[in-house]
Amino acid sequence: QVQLVESGGGLVQSGGSLKLSCRTSGFTFRYYVMSWYRQASGKERELIATITRDGGVRSYADSVKGRFTISRDNAKNTLYLQLKNLQPEDTAVYYCNQKDPLPSWGQGTQVTVSS
């Protein structure tokens, strides 16, 4: 059974930072391109960052490029997202999944940025 467990969210002020983690199980993590997504209240889920199997290539949505960094630790089956210079517009629930998402999603982790 696939498990995707996001953590690390919280309430921060504008300009603050957080590091999110996504612990995975139920599939061979190192074989998959992985992504982070977010969903703001009342909006659709959007792709914000992607990383290749070995971490060699990373891509970002324009809205987060230069502020967020995706990384992975294949030995720990864990995906990370470092969020810096957070802004209120970043407020959302953050999710991880494979680039081509599995039908199973985790609970996500809430990031709330106050102004």
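Peer 1: Looking at this structure, how should I read the overall build of the chain?
Peer 2: In terms of helices and strands, the chain carries 0 helices and 10 strands. Seen in sequence order, the chain has helices and strands lined up from the N terminus as β-β-β-β-β-β-β-β-β-β. Against the 2.2 N^0.38 benchmark of 13 Å for 115 residues, the chain shows a C-alpha radius of gyration of 13 Å, consistent with a compact globule. Principal-axis analysis of the C-alpha atoms gives the chain an extent of 40 × 25 × 20 Å. Taken over 115 residues, the chain has a buried fraction of 41%. The long-range share in the chain, meaning contacts at least 24 apart out of those at least 6 apart in sequence, stands at 53%. In the structure as shown, the chain presents an accessible area of about 6,300 Å², 44% of it carried by carbon and sulfur atoms. A distance of 7 Å separates the average location of the 14 positive side-chain charges in the chain from that of its 9 negative side-chain charges.

Peer 1: Honestly, the sheet that holds strand S2 (residues 10–13) in this entry has me stumped. Any pointers?
Peer 2: Backbone-to-backbone hydrogen bonds join strands into a sheet, with any given pair of strands oriented parallel or antiparallel. Here 6 strands make up an open sheet; going across it, the order is S2-S10-S9-S4-S5-S6 and the pairing mixed. Where the open sheet ends on each side, the last strands, each with one partner, are S2 and strand S6 (58–60). Sheet twist, expressed as the mean angle between neighbouring strand axes with direction ignored, is 25 degrees. Judged from the 3 bridges that link them, strand S9 (residues 92–98) and strand S10 (residues 109–114) form a sheet pairing that is antiparallel. Paired with Tyr-94 across the bridge in S10 is Thr-109.

What counts as what
Residues numbered from 1 in each chain as written. Predicted model: local features only at pLDDT ≥ 70, side-chain atom pairs only at ≥ 80, totals over all residues. Heavy atoms only, no water. Helix = DSSP H or I, 4+ residues; strand = E, 2+ residues; numbered from the N terminus. Rg over C-alpha atoms; globule rule 2.2 N^0.38 Å. Buried < 20%, exposed > 50% of the residue type's maximum accessible area, 1.4 Å probe, protein only. Contact = heavy atoms within 4.5 Å. Areas by Shrake-Rupley, 256 points an atom, 1.4 Å probe, with all protein chains shown as cover. Lys, Arg positive; Asp, Glu negative; His and termini not counted. Charge placed at Lys NZ, Arg CZ, Asp CG, Glu CD. Pairing = 2+ DSSP bridges. Axes fitted to C-alpha atoms, helices over the stretch in contact; angles between N-to-C directions.

Read these as layout, nothing more, since geometry by itself doesn't imply function.
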